Amino acid sequence: MKLFKKFPNTAALLLIIIFLCAVLTYVVPAGEFERKKDEASGRTLVVAGTFHYVDQQPIGPGELLAALFNGLLKASDIIAFIFVIGGSMAIVVKSGAINAALGNVIKKHKNKTQLLIPVVMIAFAFAGATFGMAEETLPFVAILIAAAMSMGYDRLVGVCFVTIGVYAGYSAGPLNPFSIGIAHTVAELPLFSGMGLRTVLCVGGALIAIHHTMAYAAKVKADPSKSLVADIPFNVSNIKIDTEQADLTGKDKAVLFILVATLGALVVGVLKFGWYLEEISALFLLMGIVTSAITFGPDVNVFADEFMDGARELTGAALLVGFSRAVLVVMESGMIMDTIIYALSLPLAHFSNIVAAWGMFFVQGLINFFIPSSSGQAVVVMPIMAPLSDLIGISRQIACQAYQAGDGYWNMITPTHPVLMASLGIAGIPFARWFKFAFPLVLKWCVWTCIILAVGVYVW
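Residues numbered from 1 in each chain as written. Predicted model: local features only at pLDDT ≥ 70, side-chain atom pairs only at ≥ 80, totals over all residues. Heavy atoms only, no water.

A. Here's a closer look at the packing of aromatic side chains. What the rule picks out here adds up to 11 aromatic pairs. An angle of 50° between the planes, with centres 5.2 Å apart, marks the rings of Tyr167 and Tyr170 as tilted. Placement of both Tyr167 and Tyr170 in helix H7 (residues 155-170) is noted, with a separation of three residues, approximately one turn of the helix. Grouping residues by exposure puts Tyr167 and Tyr170 together as buried. Centroid distance Phe435 to Phe439: 5.2 Å. Interplanar angle 20°. Geometry classified as stacked. Highlighted residues: Phe435 and Phe439, both in helix H19 (residues 431-459), separated by four residues, approximately one helical turn. Judged by its relative accessible area of 34%, Phe439 falls in the partly exposed class. (Phe/Tyr/Trp six-rings, centres within 6.5 Å; stacked < 30°, edge-to-face > 60°. Helix = DSSP H or I, 4+ residues; strand = E, 2+ residues; numbered from the N terminus. Buried < 20%, exposed > 50% of the residue type's maximum accessible area, 1.4 Å probe, protein only.)

Below, the structure is given as structure tokens:
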């Protein structure tokens, strides 16, 4: 009997990794570094040259079974943050203001199709870069497929509007709480620090994505047979978009104002007042409360129901964070974490700092295949990458940026990534056809990221 009828999903992969890590505690020699508190930054740093082996600490069946509980416990602050953000953002989406704004943009620019591509993609990129919009994009995929096809493009362009657009911002988002925010937390860096160079990376990545999409879209419009999905039937009759609606209502404008004000307050709070997960959660909860009052009235039951529905949709993501942290629990308890860090540092230490930074980025891209959850990757990878950067003499900021870009950009060619695969499923696009389009884009992103990481070695 086969153990798997198909490739394991993300949760199954993490469970397998937890088990394999427990097995490794019997095989990999246990070891540890000395650590010291840096008084200036308040960070706990690995002391280079202090690695030494210790007595083996293999993980028994009882500890293995308790690992999931302990992982959820250790990741409780991040899990709570995910639930609050998810519940609050769901209310904004449910208000219909974003959908209405999008419909109006399409209506106004329908005859300027080349202009519409950057307008819509920049809007989604901004959402991904600021509040980490990802799964929330799925309701818009069908809408943008219909829009793209009505303008003479194909449904692959419709997916690009949303999925490529949002990940162009998400992958280097200056304020993305689900990737760089968690990475900074684990690496003990000031939240959202290093924003300047990361913004350059984000803007450049978005421009590359827009150019790549526009070039393909122009080719398809000039000759529909050039479409990568021209030979694959698709029924678009059941997908409708209201582009003939009236202008935004007063409620829509109020909700959009609240959303923009929240993002502005987030920037000010983080940069000026050092806000962290607790304060950011409170800010987004306030946004959800006000949006609910504007949209649904003062009925507390409606707010609670919508908030619960939104939080419930991210239960899987929250559990994946706990599963991922369980990997760390097993490795730390078995005393093999530092041994792995030491082993990784040996080859990288022989390269220049720039090449080492590139190595971190490409290794992260490979890891992304097995752990496509951004927050899940952060809690697994950053405890290794942060001290590893200490050992090879580069900034932890580089390690965080290599993680964020390696996770986000590579998501577009990762068949285990749920948002991508759901989007392709809605559009009826086989992954192989998508890969043919997206792989050259990811290569361009990789070159751009390597340039920024090289600059970062000198400025961070």
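After that view, the rundown keeps rolling.
B. Examining a nonpolar patch on the surface more closely. Taken together, the side chains of Phe19, Leu20, Val23, Leu24, Tyr26 and Val27 make up a nonpolar region of the molecular surface, amounting to roughly 580 Å² of accessible area. Examined against the element boundaries, Leu20 turns out to sit in helix H1 (residues 10-27). (Patch = residues over 30% accessible without salt bridge, like charges linked within 9 Å, V, L, I, M, F, W, Y side chains within 5 Å. Areas by Shrake-Rupley, 256 points an atom, 1.4 Å probe, with all protein chains shown as cover. Salt bridge = Lys/Arg side-chain N within 4 Å of Asp/Glu carboxyl O.)

C. Highlighting the nonpolar core. With 137 residues, the main nonpolar core has Leu144, Phe161, Ile164, Phe284, Met382, Trp434 and Trp445 as its most contacted residues. The greatest single-element share of this core, amounting to 12 residues, is contributed by H19. Those residues within four positions of Ile164 in sequence are excluded, and the remaining contacts are Met121, Val159, Ala209, Thr213, Met412, Trp434, Leu441 and Trp445. (Core = buried A, V, L, I, M, F, W, Y, C linked by side-chain atoms within 4.5 Å. Contact = heavy atoms within 4.5 Å.)

D. Local environment of the pattern of salt bridges. With the rule as written, the count across this model stands at five salt bridges. Among the charged side chains, a network of salt bridges with common partners joins Glu188, Asp390 and Arg396.

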